[in-house]
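Single-letter residue listing:
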Amino acid sequence: MKKLSVLSLLFFLVFGLLAAETAPSLFDINKELESFEKTEVSDSDKSTYSEMEFYLITGGPGSLVWENFGHSAILMTSPSSFPVAYDWGIFTFDDSFFINFAFGRLYYEAWATYGEYRIESLISDDRSVTALKLELDESEKKNLYRFLLYSTKEENRTYLYDYFRDNCATRPRDIYSWLTDGDFEEKLKTTPAPETLRETVERHLSLSTFPVCWTISYLLGPDTDKNETMWEACFLPSTLSKCIKEYQGNEEEIIYETENRKPVPEKWSLKTRSWVMGIVLSLIALLPLIKKRWVERIGDTILGILHLFFGVLSIVLLFLMLFTIHNVTRGNMNYLIFSPLCLISSILHFSSLSKKRKNKALFINSSIMLGVALIALILRLIIPSLIQDSFAVFIPAIMLYFSEAFTSYKRSRN
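Residues numbered from 1 in each chain as written. Predicted model: local features only at pLDDT ≥ 70, side-chain atom pairs only at ≥ 80, totals over all residues. Heavy atoms only, no water.

A separate point is the overall build of the protein. What the protein contains, in helices and strands, is 17 helices and seven strands. Across its three principal directions, the C-alpha atoms of the protein cover 95 × 45 × 40 Å. The 414 residues of the protein split such that 51% are buried. The long-range share in the protein, meaning contacts at least 24 apart out of those at least 6 apart in sequence, stands at 80%. A total accessible area of about 20100 Å² is found for the protein, and carbon and sulfur atoms account for 61% of it. (Helix = DSSP H or I, 4+ residues; strand = E, 2+ residues; numbered from the N terminus. Buried < 20%, exposed > 50% of the residue type's maximum accessible area, 1.4 Å probe, protein only. Contact = heavy atoms within 4.5 Å. Areas by Shrake-Rupley, 256 points an atom, 1.4 Å probe, with all protein chains shown as cover.)

Shown next as structure tokens:
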């Protein structure tokens, strides 16, 4: 059992290190913008574009996980046309969606839709909606309008979505910066963000359940723990609206305020709540110390299911790192903390239900996982840049492994 655990650990360590390099960037709207020639508005067109207005529409968080972060779109209004919403957040659950999603090929589209319908769809879902007028001159309006028409053509509308680098908020951000000749980007890149991308993600995922938040945080790699600027922070729709508002010096219009949704907390810590997770896991791991067969079986059943989940999750992480273009998982060392060795523990717990409890084997496997987690934690404290912010993973893992090793050791002595 000891040799099997060690060999398995070395195998997955080598494979994980092979995936440590950052995948090449495939998401660059700037190439499109650089190749798009700006033009000055002619005298004959001035009146048309002077009456045309553009607004950044920001939708608040929704119920689904991917809606927890809000939404951005650009709304065009004109006396000669109905309002048009330009939206880069369109995707469909067709037959190929899930296989493409698994490999990181997130094909999203930019659509031009009836503006009032787009706003009403957010309101009907009880999501807050604000409109921020973009202060543009006639030439800037013309160039924005031309690029929006170009972006929503059938041959141009599809793009590879990225959670933080190319989404429904970063596209309007990049377009707006292009209109300001890069001044908007320059100002934001000199302003540090108040939190890391991971902290922003965890705050917004607090609107979902704790297991969802913890699982997604487990899958996030070290790129989300870097000290970012406000430019990167504008992947979040509400942050983009705030930054453009401050840059222009105008106020946004509140179209609708949610009635029943709780707001995103200003401060929220997954680490703090992971202590509770660790205590619960420890108590379950200590159940077999109660020398009643039915209690022991309950403990082994729950632990078998938990280890199966953690083991499968670590395999999923390795798959994402090795075989996909999910950049956000690259270099993620969490597969060493809750590792594929959990699958061995799962098998041992389930096999203990019908036969004598595998105390010695469980002690060896738990001790190895505990040792690896402690080494990783020490390295994280000594060299923070080596391992991402994994304290929310370290805490429950170390508490679980210690309790399991202690329980198995005590039971093997009796």
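Okay, back to it.
Per the counting criterion, the structure on display carries three cavities of 30 Å³ or more. As for the largest cavity, its lining consists of Ile57, Thr58, Gly59, His71, Ser72, Ala73, Leu75, Ala85, Arg118, Ile119 and Leu122. Sorting the residues of the lining of the largest cavity by element identifies strand 1 (53-59), strand 2 (71-78) and helix 5 (115-124) as the ones contributing at least two each. The element contributing the most residues to the lining of the largest cavity is strand 2, with four residues. Taken as a whole, the second largest cavity encloses approximately 50 Å³ of empty space. If you trace the second largest cavity, you find it lined by Leu56, Ile74, Leu134, Leu144, Pro172, Ile175, Tyr176, Leu179 and Ile244. The element best represented in the lining of the second largest cavity is helix 7 (residues 170-179), accounting for four residues. (1 Å grid on protein atoms, 1.4 Å probe; cavity = no way out; pocket = protein on both sides within 12 Å on 5 of 7 lines; lining within 4 Å. Points joined across faces, edges and corners; volume = space filled by probe spheres on them.)

Mapping Ala233 onto the fold places it in helix 11 (residues 230-233). Between the C-alpha atom of Ala233 and that of Lys189, which follows or precedes it by 44 residues, the distance is 10.0 Å. Setting aside anything within four residues of it in sequence, one finds Ala233 in contact with Ala193 and Thr239.

It is worth spelling out the packing of aromatic side chains at this point. Under the criterion given, the structure shown has 30 aromatic pairs. With 4.0 Å between their ring centres and 15 degrees between their planes, Tyr108 and Tyr161 make a pair best called stacked. Pair noted here: Tyr108 is in strand 4 (residues 107-114) and Tyr161 is in the loop between strand 6 (158-160) and helix 7, with a separation of 53 residues, a long-range link. For Tyr161, a relative accessible area of 15% gives the class buried. If you follow Arg171 out to its NZ or CZ, it ends over the ring of Tyr159, 4.1 Å from the centre. Taking NZ or CZ as reference, Arg173 lies 3.9 Å from the ring centre of Trp231, over its face. (Phe/Tyr/Trp six-rings, centres within 6.5 Å; stacked < 30°, edge-to-face > 60°. Lys NZ or Arg CZ within 6 Å of the ring centre and 35° of its normal.)

A word on helix 13 (residues 270-285). Within an α-helix, residues lying three or four positions from one another point in the same direction, as the helix has 3.6 residues per turn. Between its first and last C-alpha atoms helix 13 spans 22 Å; for 16 residues at 1.5 Å apiece the expected length is 22 Å, and the two agree. Taken as a whole, helix 13 has its buried residues at Leu270, Ser274, Met277, Gly278, Leu281, Ser282, Ile284 and Ala285. Buried positions in helix 13, seen along its axis, are confined to an arc of 155 degrees and lie on one side of it. Among the exposed residues of helix 13, those pointing more than 90 degrees away from its buried face are Val276 and Leu283. (Expected span 1.5 Å × (residues − 1). Arc of directions from axis to C-beta.)

Summed over the entire model, instances satisfying the criterion amount to 20 salt bridges. Between Arg165 and Asp162 there is a salt bridge whose closest N-O contact spans 3.8 Å. The exposure class of Arg165 is partly exposed, given its relative accessible area of 33%. Overall, Asp162 belongs to the buried group, its relative accessible area being 7%. A salt bridge links Asp166 to Arg171, with the nearest nitrogen and oxygen atoms 2.7 Å apart. Of the two residues, Asp166 and Arg171, both sit in the buried class. When salt bridges that share partners are traced, they join Glu32, Asp166 and Arg171 into one network. (Salt bridge = Lys/Arg side-chain N within 4 Å of Asp/Glu carboxyl O.)

Within strand 2, seven of the eight residues are buried, which leaves the element mostly enclosed by the surrounding structure. Examined bridge by bridge, strand 2 and strand 3 (residues 81-90) share four bridges and lie antiparallel to one another. Counterpart to Met76 in the pairing with strand 3 is Val84. Adjacent in sequence and paired antiparallel, strand 2 and strand 3 are bridged by two residues. (Pairing = 2+ DSSP bridges.)

Right, let's get into the side chain of Asp87. Structurally, Asp87 can be placed in strand 3. Separated by 2.9 Å, the side chains of Asp87 and His71 make a polar contact. Not counting the four nearest positions on each side in its chain, Asp87 is found in contact with His71, Ser72, Ala73, Glu109, Ala110, Trp111 and Arg118. (Polar contact = N/O pair within 3.5 Å; in protein donor to acceptor, adjacent residues only side chain to side chain.)

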